Amino acid sequence: MRDGISTAGAPKAIGPYSQAVRMGNLVFVSGQIPVDPATGAVVDGDIGALTRRVFDNIGAVLAEAGLTFDHVARTTVYLADMNDFAAMNAVYAEYFSAPAPARSTIQVARLPRDVRIEIDVIAVQ
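As a further point, take the pairing of strand β4 (residues 72–79). Sheet topology note: the β4/strand β6 (residues 117–124) ladder contains seven bridges and is antiparallel. Looking at β6, one finds that V77 is bridged to I119. Relative to strand β5 (residues 102–107), β4 runs parallel, the two sharing six bridges. From the neighbouring strand, Y78 faces β5, where its bridge partner is I106.

Right, let's talk about the sheet that holds β4 for a bit. With respect to topology, six strands assemble into an open sheet ordered β1-β2-β3-β6-β4-β5, the strand pairing being mixed. The open sheet terminates on both sides in strands that have one partner only, identified here as β1 (3–5) and β5. Direction aside, the axes of adjacent strands within the sheet are offset by 15° on average. With four bridges joining them, strand β2 (residues 20–23) and strand β3 (residues 26–32) adopt antiparallel strand pairing. Its bridge partner being in β3, V21 is matched across the sheet by F28. Seen against the sheet, helix α1 (residues 47–64) touches β1, β2, β3, β4 and β6 and runs at an angle of roughly 30° to β6. Sheet strands in contact with helix α2 (residues 85–92) are β4, β5 and β6, and its direction is about 150° off that of β5.

Definitions and limits used
- Residues numbered from 1 in each chain as written.
- Predicted model: local features only at pLDDT ≥ 70, side-chain atom pairs only at ≥ 80, totals over all residues.
- Heavy atoms only, no water.
- Pairing = 2+ DSSP bridges.
- Helix = DSSP H or I, 4+ residues; strand = E, 2+ residues; numbered from the N terminus.
- Axes fitted to C-alpha atoms, helices over the stretch in contact; angles between N-to-C directions.
- Contact = heavy atoms within 4.5 Å.

What is shown is where atoms sit, not what they do.
Spelled out as structure tokens, the structure:
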């Protein structure tokens with residue numbers, strides 16, 4: 001069975017999906033974008049600030065599930081511009097201890113609300 005996970009510490013889902021779903025010992029966190037959950041607004045700033053907001057959102061969902069970034073086994077990073085990779089990667093590295101999770105990074109044509117970054121994660125309890 002699938003159990004939904006939701007927190008006010010991350011933006012509300014804007015469609016028919018959950019912020020995260022627990023199935024067995026796995027937690028699948030839906031893609032998070034740089035939206036301030038208090039205002040619903042996309043945050044301003046460089047890719048570093050945007051990446052931090054995304055990780056703040058992911059961290060809130062993980063915490064609601066009783067998990068931390070140490071439980072993350074896999075991430076997928078979606079960038080609107082691969083030229084942002086180095087700056088995103090510098091912030092990304094602040095959130096994970098070695099060994100870092102498996103990861104794919106993909107440049108995409110467009111993201112929801114025309115943001116520059118989206119990240120989803122899979123965590124293991």
